[in-house]
Amino acid sequence: MSVKQWKQVITLTVIAIILILLILVIILGIKLAQYKDPVIDEAFASENLQSSYQDLYPDLYVDGAFEFKDVQGKVCYLTFDDGPNVQNTTKILDTLKKNNAKATFFVIYREGADAEALYKRIVNEGHTIAVHTASHNYNQIYSSVAAYLADFEKISSHIEKITGVKPEIFRFPGGSINTYNVAVYHEIIAEMLRRGYTYYDWNVSSGDASASWVSVKNITNNVVSGCSRQNQPIVLMHDGAGHGNTADAVPEIIKQLKTQGFSFEGLDKTIKPFCFGY
Ligand SMILES: [Zn+2]
């Protein structure tokens, strides 16, 4: 080929490349113009970014603006879950009264004169009344945030109606992290904190629910040895049906812990909670 022909071939090739690039740019432009984010579209956003459970129960809020107290010395926080129970709660309240000791009761929903009298007695004798759950049905309460709130509202308003006290602290059934709530606990905790509530797990377990029957001696030893390792233990115990041995252990527990130098106080929201990590 002559030089002139070569020049023509190169020119045509360059023009062809420019045309192809131009077409690619136009195609890309059209595709970009047509692209719609598959996730953030309006319908999705309005359905999912607005958490409708946040609008439920507008009275289910407490003042969350407070500071934790700097607790000095040895203070034991005895806590009792799953009451009130006529036999066990009564016996425990009698023991606490005799020892001028205060404690915390994470209660469940009970109707009737006996239960009402016990809710009131807890408050009148200076203990802390706190929310545990209305139903104690794990599958139900941990099925969604809304289901948890419904259960919480039921027991909270029940307590307030009977005692005049609106509970500000609570304990999750099974603790804040358990096999029933793995899928939803982050969201429930976030929502309860947003509403101003404080929750307490425990750093000493009495072991009174570890088997269908645990001896008074074992319950006592578990609590006393567990408390000897900390200055402000939060002790898990149960005063519901079937926990007569716990009620029977409380006098000896208080006696031994007193000799270790402990006083006994009820929890309130200014006491820094012990929470399982999340
Ligand atoms: Zn419980």
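### Structural notes on the domain arrangement of the protein chain
Reasoning step 1: For the protein chain, the assigned domains are domain 1 (3–48) and domain 2 (73–264).
Reasoning step 2: Measuring from the centre of the C-alpha atoms in domain 1 to the corresponding centre in domain 2 gives 67 Å.

### Here's the deal with the coordination of the zinc ion
Reasoning step 1: Looking at the zinc ion, the protein donor atoms are Asp82 (OD), His132 (NE2) and His136 (NE2), and they sit 2.1 to 2.2 Å from it.
Reasoning step 2: All donors of the zinc ion belong to a single chain; written as a sequence motif, their spacing is D-x49-H-x3-H. Placement of the pair is Asp82 in the loop between strand S1 (75–81) and helix H3 (86–98) and His132 in strand S3 (residues 128–133), with a sequence separation of 50 residues.
Reasoning step 3: We classify His132 as buried; its relative accessible area is 2%.

### Notes on the pairing of strand S7 (residues 234–238)
Reasoning step 1: Judged by how many residues are buried, S7 sits mostly within the fold: 5 of 5 residues are covered.
Reasoning step 2: Taken together, the 5 bridges between S1 and S7 define a ladder with parallel strand orientation. Within S7, the position partnered with Thr79 by the bridge is Leu236.
Reasoning step 3: Across 2 bridges, the pairing between strand S6 (residues 204–205) and S7 is parallel. The residue of S7 that forms the bridge with Val204 is Val235.
Reasoning step 4: The parallel pair S6 and S7 is bridged by helix H8 (residues 216–227), and the resulting crossover is right-handed.

### Some points on the packing of H8 against helix H9 (residues 244–259)
Reasoning step 1: Two numbers describe how H8 lies on H9: the axes approach to 8 Å, and their chain directions differ by 40°. It follows that H8 is oblique to H9 by the angle criterion. At the point where H8 passes H9, the crossing takes the right-handed sense. Where H8 abuts H9, its residues Val216, Ile219, Thr220, Val223, Val224 and Cys227 lie against Asn245, Thr246, Asp248, Ala249, Glu252, Ile253, Gln256 and Leu257.
Reasoning step 2: Grouping the constituent residues of the contact of H8 with H9 by class yields 8 nonpolar, 4 polar and 2 charged.

### Some thoughts on the nonpolar core
What tends to happen in soluble globular proteins is that the nonpolar side chains get buried as a cluster.
Reasoning step 1: One finds Leu78, Phe105, Tyr148, Phe170 and Leu257 to be the most contacted residues of the largest nonpolar core, which totals 55 residues.
Reasoning step 2: With 7 residues, helix H6 (residues 145–163) is the single largest residue contributor to this core.
Reasoning step 3: Every residue in contact with Leu78, bar those within four places of it in the chain, is listed here: Leu96, Ala103, Thr104, Val235, Met237, Ile253, Ile254, Phe264 and Glu265.
Reasoning step 4: One finds Val75, Ile234, Leu236 and Leu267 within the second-largest nonpolar core, a separate group that totals 11 residues.

Criteria and cut-off values
- Residues numbered from 1 in each chain as written.
- Predicted model: local features only at pLDDT ≥ 70, side-chain atom pairs only at ≥ 80, totals over all residues.
- Heavy atoms only, no water.
- Domains from an automatic or database assignment.
- Donors = N, O, S within 2.8 Å, 3.2 Å for Na, K, Ca; no water.
- Helix = DSSP H or I, 4+ residues; strand = E, 2+ residues; numbered from the N terminus.
- Buried < 20%, exposed > 50% of the residue type's maximum accessible area, 1.4 Å probe, protein only.
- Pairing = 2+ DSSP bridges.
- Right-handed = clockwise from strand over helix to strand, strands pointing away.
- Axes fitted to C-alpha atoms, helices over the stretch in contact; angles between N-to-C directions.
- Parallel < 35°, antiparallel > 145°, perpendicular 65-115°, else oblique.
- Left-handed = near helix turned anticlockwise from the far one by under 90°.
- Contact = heavy atoms within 4.5 Å.
- Nonpolar A, V, L, I, M, F, W, Y, C, P; charged D, E, K, R; others polar.
- Core = buried A, V, L, I, M, F, W, Y, C linked by side-chain atoms within 4.5 Å.

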